[in-house]
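Per-entry structural report
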Amino acid sequence: MASQQQQAGGAMSQPGLQQPTSLQQQQQQLSQQQDFDPVHRFKMLIPQLKESLQNLMKIASLNLAQNTSIDNGIKSSDTPVQRFDKSLEEFYALCDQLELCLRLAYECLSQSIDSAKHSPNLVPTATKPDTVQTESMSYAQYLGMIKSQISCAKDIHNALLECSKKIAGKGQPQGIM
């Protein structure tokens, strides 16, 4: 009996110890999800882009001032100059990342809209007939939707087959048939 209580006590203490790790895991998963979220990533890149643009303009103005003084014969070109091309490249790289984030967000939105359009409502489960959801569709509606999706898939399949036959037919010489 004492060993059963110790085992039960040991089992009780283990979930208490695992709880902080599960909380840490949840926080890590949340941060990973935010890293993959294109809108969140976009929001994180905007301050970096602003800083990069400020740095680019600062370097451009310093280089312009130095070139002007060299052209006027006031200064020589002995002083080190910051590289404009590197700061411009950094700015363009951030712009490219922002563009990719926006494209990804647009694609996610398009897929979400298409998903809602082609499968807007849930079918109620047979295990819980007493809890009818107001948003759910009837089984007949669901079958109709599935039949239209199958028909569309067959049309696409047939179109791809015809296209592949046309491509294969162009590769063969006409006189051998």
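Residues numbered from 1 in each chain as written. Predicted model: local features only at pLDDT ≥ 70, side-chain atom pairs only at ≥ 80, totals over all residues. Heavy atoms only, no water.

**A word on the pattern of salt bridges**
- Applying the stated criterion to the full structure yields 2 salt bridges.
- When the shortest N-O distance is used, the salt bridge between Arg 83 and Asp 85 registers 2.6 Å.
- With a relative accessible area of 47%, Arg 83 lands in the partly exposed category. (Salt bridge = Lys/Arg side-chain N within 4 Å of Asp/Glu carboxyl O. Buried < 20%, exposed > 50% of the residue type's maximum accessible area, 1.4 Å probe, protein only.)

**Side note on the packing of helix H2 (residues 38-71) against helix H3 (residues 84-118)**
- As a packed pair, H2 and H3 sit with axes 9 Å apart at the nearest point and diverge in direction by 160 degrees. Compared by their axis directions, H2 and H3 come out roughly antiparallel. Relative to H3, H2 is oriented so that their crossing is left-handed.
- A class-by-class count of the residues in the contact of H2 with H3 yields 20 nonpolar, 6 polar and 2 charged. (Axes fitted to C-alpha atoms, helices over the stretch in contact; angles between N-to-C directions. Helix = DSSP H or I, 4+ residues; strand = E, 2+ residues; numbered from the N terminus. Parallel < 35°, antiparallel > 145°, perpendicular 65-115°, else oblique. Left-handed = near helix turned anticlockwise from the far one by under 90°. Nonpolar A, V, L, I, M, F, W, Y, C, P; charged D, E, K, R; others polar.)

**A look at the environment of Glu 90**
- Of note, Glu 90 is situated in helix H3.
- C-alpha of Glu 90 to C-alpha of Asn 55: the two residues are 35 residues apart in sequence and 10.0 Å apart in space.

**Focus on the confidence of the model for the chain**
- Across the chain, pLDDT averages 77, with 64% of residues at or above 70.
- Looking at the elements of the chain, mean pLDDT is at its lowest for helix H1 (residues 2-36), recorded as 53, and at its highest for H2, recorded as 91.
- For the stretch residues 1-19, pLDDT sits under 50, and the model shows 0 contacts to residues farther than four places along the chain or on other chains. (pLDDT = per-residue confidence, 0-100. Contact = heavy atoms within 4.5 Å.)

**Description of H2**
- Over its 34 residues, H2 extends 47 Å from the first C-alpha to the last, a length consistent with the 50 Å expected when each residue adds 1.5 Å.
- A bend of about 25 degrees at Leu 45 is the largest found in H2, and the proline Pro 47 appears one to four places after it.
- Of all the positions in H2, only Pro 38, Leu 45, Leu 49, Ser 52, Leu 56, Ile 59, Asn 63, Gln 66 and Ser 69 are classed as buried.
- Looking one or two residues beyond H2, the residue adopting positive phi is Gly 73, at roughly 80 degrees. (Expected span 1.5 Å × (residues − 1). Bend = angle between axes of the 7 residues up to and from the residue.)

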